[in-house]
Amino acid sequence: MKVIGFLYGVISYVVFLASFLYAIGFVGNLPVPKSIDSGPAGPLGEALLVNVLLLGLFAIQHSVMARPAFKTWWTKIVPKPVERSTYVLIASLLLALICWQWRPIAGDVWNVDNGVARVGLNVLFWTGWVIVLTATFMINHFDLFGLRQVYLRLQSAQYTHLPFQTTAFYKFVRHPIMLGFLIAFWATPHMTLGHLLFSIATTGYIFIGVFFEERDLARFHGADFERYRKEVPMIFPAPGRKAAEISDQPPAESVR
């Protein structure tokens, strides 16, 4: 069972990695089979209904399965070592579903013609994704995506929560992963109505999700997290503000 659990965790991670990389191409209208603006636009009402349902399904799963009360119930059914891997697998499959079933919506919000500006926006787009990925390694990438849990189980070692730490981006904002997503979703030289719907919906979800996550973190870490929250901005760095020098503090995204 330990080996099966480990293989399950690895497969879940591979599915995540594939869906994550495809999502970059999907949002950026890169050469992938289906992107956010590719294909003929159908009826507006149908596109709005399908797209909102897809995004809502992802948001509900992502938030509900991350709540402590759900985890307490869920781990009575799913073994604790693979709970995180299961969360990652379902979220990845729902992300793939969005990329597969997304309905394009025609109409330009903006379309930048200036070559330098287009390059700048594309650089911002890639910067956002780099921030997302690198920020996961600044906490613990393998714990965040369930590999550490199944590996420890394979070694018959007890799982322990990661020590509190604030490194690199986490000295400036509490949620650099979310900052990276926001940059990646909005930085585009060609913003269509379909892309705008995606960006607005995901932005709203990010702030709602952060609210619930920080509420859980405050309950789990108490005064330590409250002190961290007072010292470090939530998502957007404060201009002119120095990096926070806080010892033994948790990054806001370290517990999910």
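Above this note sits the structure.
Here we look at the overall build of the chain
- Assigned secondary structure in the chain consists of ten helices and two strands.
- Listing the helices and strands of the chain from first to last along the sequence gives α-α-α-α-β-α-α-α-α-β-α-α.
- The C-alpha extent of the chain, read off along each of the three principal axes, is 55 × 50 × 25 Å.
- Residues classed as buried in the chain amount to 44% of the 256 residues present.
- Pairs at least 24 residues apart make up 78% of the contacts formed inside the chain by residues separated by at least 6 positions.
- Accessible surface, the chain as shown: approximately 13,100 Å² in total, 71% of it carbon and sulfur.

What about the nonpolar core?
- Core analysis: the biggest nonpolar cluster contains 54 residues, and Trp-102, Trp-129, Ile-177, Phe-181 and Phe-198 have the highest contact counts within it.
- Those elements that place two or more of their residues in this core are α1 (2-27), α2 (44-64), α4 (83-101), α5 (115-139), α7 (147-154), α8 (176-186), α9 (193-221) and α10 (223-231).
- Considering every element that reaches this core, the biggest residue donor is α8, with seven residues.
- Non-local contacts of Trp-102, meaning those with residues more than four positions away in its chain, are made with Phe-26, Lys-34, Ile-36, Asn-51, Leu-54, Leu-55, Leu-97, Gly-194, Leu-197 and Phe-198.

Remarks on the pattern of salt bridges
- Under the defined criterion, the tally for this structure stands at six salt bridges.
- Between Arg-67 and Asp-216 there is a salt bridge; the shortest N-O distance is 2.5 Å. Remark: Asp-216 occurs in helix α9 and Arg-67 occurs in the loop between α2 and α3 (68-74); sequence separation between them is 149 residues.
- Overall, Asp-216 belongs to the buried group, its relative accessible area being 14%.
- One salt bridge connects Glu-214 with Arg-229, and the closest N-O pair in it is separated by 3.4 Å. Of the two residues, Glu-214 is situated in helix α9 and Arg-229 in helix α10; the sequence distance between them amounts to 15 residues.
- For Glu-214, a relative accessible area of 4% translates into the label buried.
- Of the residues examined, Arg-229 reaches a relative accessible area of 26% and is grouped as partly exposed.

Focus on α5
- A rise of 1.5 Å per residue sets the reference length of α5, with its 25 residues, at 36 Å; its end C-alpha atoms lie 37 Å apart and thus fit the reference within 8%.
- By the burial criterion, the buried members of α5 are Phe-125, Gly-128, Trp-129, Ile-131, Val-132, Ala-135, Thr-136, Met-138 and Ile-139.
- Of the surrounding elements, those touching the buried residues of α5 are α1, α6 (141-144) and α8.
- For α5, the capping residue at the N-terminal end is Asn-114, with a side-chain oxygen 3.0 Å from the backbone nitrogen of Val-116.

Section: the packing of aromatic side chains
- Applying the stated criterion across every chain yields a total of 21 aromatic pairs.
- Between Tyr-13 and Phe-16, the ring centres sit 5.7 Å apart and the planes meet at 50 degrees, which makes this aromatic pair tilted. You can see Tyr-13 and its partner Phe-16 sitting in helix α1, three residues apart, about one turn around the helix.
- Phe-16 sits in the buried class, given a relative accessible area of 10%.
- When the ring of Phe-211 is compared with that of Phe-212, the centres are 5.3 Å apart and the planes differ by 75 degrees; the resulting orientation is edge-to-face.
- Overall, the relative accessible area of 27% leaves Phe-212 in the partly exposed class.
- These aromatic residues form a ring-pair network of at least three members: Tyr-13, Phe-16, Phe-20, Phe-26, Trp-102, Phe-125, Trp-126, Trp-129, Phe-145, Phe-181, Phe-185 and Phe-198.

Re α2
- Spanning 21 residues, α2 covers 30 Å between terminal C-alpha atoms, matching the ideal 30 Å at 1.5 Å per step.
- Listed in full, the buried residues belonging to α2 are Ala-47, Asn-51, Leu-54, Leu-55, Phe-58, Ala-59, Gln-61 and Ser-63.
- Lining the buried residues of α2 we find α4 and α9.

Thresholds, definitions, all that
Chains are numbered independently. Their residues run from 1 in the order of the written sequence. Given that this is a predicted model, residues contribute local features only at a pLDDT of at least 70 and side-chain atom pairs are listed and counted only at 80 or more, while totals for whole chains, interfaces and linings are drawn from all residues. Side-chain descriptors were evaluated using all non-hydrogen atoms of the structure, hydrogens and water having been removed beforehand. By definition, any uninterrupted DSSP run of H or I lasting at least four residues is a helix, any uninterrupted run of E lasting at least two residues is a strand, and each is numbered from the N terminus. For every residue, the accessible area (1.4 Å probe, protein chains only) is compared with the maximum for its type, and the residue is labelled buried under 20%, exposed over 50%, or partly exposed between those bounds. Any two residues whose heavy atoms approach within 4.5 Å at even a single point are treated as in contact. Accessible surface area values rest on a Shrake-Rupley calculation with a 1.4 Å probe, where residue burial reflects the displayed protein chains alone. Here, the term nonpolar core denotes a set of buried Ala, Val, Leu, Ile, Met, Phe, Trp, Tyr and Cys residues that are joined through side-chain atoms within 4.5 Å. Take a side-chain nitrogen of Lys or Arg and a carboxyl oxygen of Asp or Glu: if they are within 4 Å of each other, that pair is a salt bridge. An expected span of 1.5 Å times one less than the residue number is assigned to each helix. Two N or O atoms form a polar contact when they lie within 3.5 Å of each other; inside protein one atom must be a possible hydrogen donor and the other a possible acceptor, and for residues adjacent in sequence the pair counts only when both atoms belong to side chains. By convention, a stacked pair of Phe, Tyr or Trp rings (six-membered ring in the case of Trp) has centres within 6.5 Å and planes under 30 degrees apart, an edge-to-face pair has planes over 60 apart, and any other such pair is tilted.

Treat this as a map of the structure, not an account of what it does.
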